[in-house]
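# Breakdown of the fold
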Amino acid sequence: MVRLSNEEMLSEVKSWGRSEGDLIWWAETDGIGADYFSFDKKKVFALWGDYPDALTPEQKAIFDRENPYWADFFKRK
């Protein structure tokens, strides 16, 4: 898997969205499989390459709380 830099991922972002009350922003891109998210719209994480290892324990806890489907999905890996 080729790891894009933060700047490369940011350049692919068309817009950001999040559910009311959530802390995590999800990126809208034109790329297929480009599942990017951010806590501040500056540092971008790739779901498939960065979760959970690149997140701090606090970020992982927030991610898992707001995204139980993905938390459960990655538990099985």
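Read on for a plain summary of the structure. Please read these numbers as outputs of a predicted model, since none were measured by experiment.

### Things to note about the environment of Ala34
Within the secondary structure, Ala34 is located in the loop between strand 2 (25-28) and strand 3 (36-38). The sequence separation of Ala34 and Leu10 amounts to 24 residues, and the corresponding C-alpha distance is 11 Å. Ignoring anything within four residues of it in the chain, the contact list for Ala34 reads Glu12 and Thr29.

### Things to note about the nonpolar core
Membership of the largest hydrophobic core is limited to 11 residues, which are Ile24, Phe37, Phe39, Phe45, Leu47, Tyr51, Leu55, Ile62, Phe63, Ala71 and Phe74. For this core, the secondary structure elements donating two or more residues are helix 3 (57-66) and helix 4 (68-75). Look past the residues within four positions of Leu55 in its chain and what remains in contact with it is Phe37, Phe39, Phe45, Asp50, Lys60 and Phe63. Listed in part, the 7 residues of the second largest apolar core include Met9, Ala27, Ala34 and Ala46.

Calculation rules
- Residues numbered from 1 in each chain as written.
- Predicted model: local features only at pLDDT ≥ 70, side-chain atom pairs only at ≥ 80, totals over all residues.
- Heavy atoms only, no water.
- Helix = DSSP H or I, 4+ residues; strand = E, 2+ residues; numbered from the N terminus.
- Contact = heavy atoms within 4.5 Å.
- Core = buried A, V, L, I, M, F, W, Y, C linked by side-chain atoms within 4.5 Å.
- Buried < 20%, exposed > 50% of the residue type's maximum accessible area, 1.4 Å probe, protein only.

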